[in-house]
Structure formats: structure tokens, C-alpha cells
Amino acid sequence: MRTIPIGTKGSFSLIVSHEHLANRFKDATLPAVLATPVMIMMMENAALNAIKPYFEPGESAVGTNVEVEHLAATPVGHRVAAFAEVTGVAGRHIQFRVHAMDGTEQIGRGTHGRVVIDLAKFAERLAAKAARDP
């Protein structure tokens, strides 16, 4: 992993469609609005997009923590953009400030952490775990 500067930014966007709705993930009686887990996925993708250029071949990063507030509802058809900014780097551990906008207002904000991994070693650990814990 190359040095990741504080302030490095990334983004991720999508147009809210039926598969992104709270009433598809949880209770069918919920309103047809963007589900919180989808907003979090967008924030995680924005964070990953921020640091991808700093990976060495065979590296990626997995999420380690998320603390967010979902502030406003977003209906089908609206474009939502998530943004991440690196706020801290401690070895392979990266911290981000994240937020999401739906074109009208801020719909979410919080913090997120990721750790850079060696994909081959990660796959080995998963295989070993699967072999002992079927």
C-alpha cells in the first residue's frame, strides 16, 4: 500500500430504484424510500473508491466499522451520491468521514473504517476457517 494522504476523497452514486428500497429489505409496509443499508453500502463504496489508487497489486480493503445517521428519506428515481474523505491513517487502518446527498439535501452522515488486506492471504484464512467450521 502506498501512502494515503489525509484528505483523499472518493464518491459513489446511483439512482434509487425498487431494489434499493426499505420495504424490500425489511417490512413491506415501510414507505418506498432508500434503505439505510443501501446508503451505508454507497458510503463504503465511496471510501473504497477514495483509496483504490493507493493499493499495490493484490490488495483491497474491507470495512471494519460504520457509524452513520440516516437523516432524510429519498424516493425512487432520485440520484443519491455518497462521499468519503480520509481523516486518519494508522498503518493499514483507514478512517473516513462520510456523507450522502440526494440532490435536495444531506440524507446521511457519519464515519467509516476500513483495513487494507492482501487478497491472497485473506482467501487463505477464509479457506482455513471454512475447513474447520463447516
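What you see is a predicted model; the values in this text were computed from it and never measured.

1. So, helix H2 (residues 36–51)
Working step 1: Under the 1.5 Å per step criterion, the end-to-end length of H2 is 23 Å for 16 residues, consistent within 8% with the ideal 22 Å.
Working step 2: Within the sequence span of H2, burial applies to Val38, Met39, Met42, Met43, Ala46, Ala47, Leu48, Ala50 and Ile51.
Working step 3: Looking at the buried side of H2, the elements it contacts are strand S1 (9–15), helix H1 (22–25), strand S2 (59–70), strand S3 (79–90), strand S4 (93–101) and strand S5 (106–118).

2. Comments concerning the nonpolar core
Working step 1: Leu34, Ile51, Val80, Ile94, Phe96, Ala100 and Ile107 are the most contacted members of the largest nonpolar core, which totals 29 residues.
Working step 2: Elements that contribute at least two residues to this core include exactly H2, S3, S4 and S5.
Working step 3: In terms of residues, this core owes the most to one element, H2, which gives nine residues.

3. Brief notes about the pattern of salt bridges
Working step 1: Enumeration according to the criterion identifies five salt bridges in this entry.
Working step 2: Here Glu56 makes a salt bridge to Arg2, at a shortest N to O gap of 3.8 Å. One end of the pair, Glu56, is in the loop between H2 and S2; the other, Arg2, is in the segment before S1, with 54 residues separating them in the sequence.
Working step 3: By relative accessible area, Glu56 is classed as partly exposed at 32%.
Working step 4: Overall, the relative accessible area of 39% leaves Arg2 in the partly exposed class.

About the thresholds
Residues numbered from 1 in each chain as written. Predicted model: local features only at pLDDT ≥ 70, side-chain atom pairs only at ≥ 80, totals over all residues. Heavy atoms only, no water. Helix = DSSP H or I, 4+ residues; strand = E, 2+ residues; numbered from the N terminus. Expected span 1.5 Å × (residues − 1). Buried < 20%, exposed > 50% of the residue type's maximum accessible area, 1.4 Å probe, protein only. Contact = heavy atoms within 4.5 Å. Core = buried A, V, L, I, M, F, W, Y, C linked by side-chain atoms within 4.5 Å. Salt bridge = Lys/Arg side-chain N within 4 Å of Asp/Glu carboxyl O.

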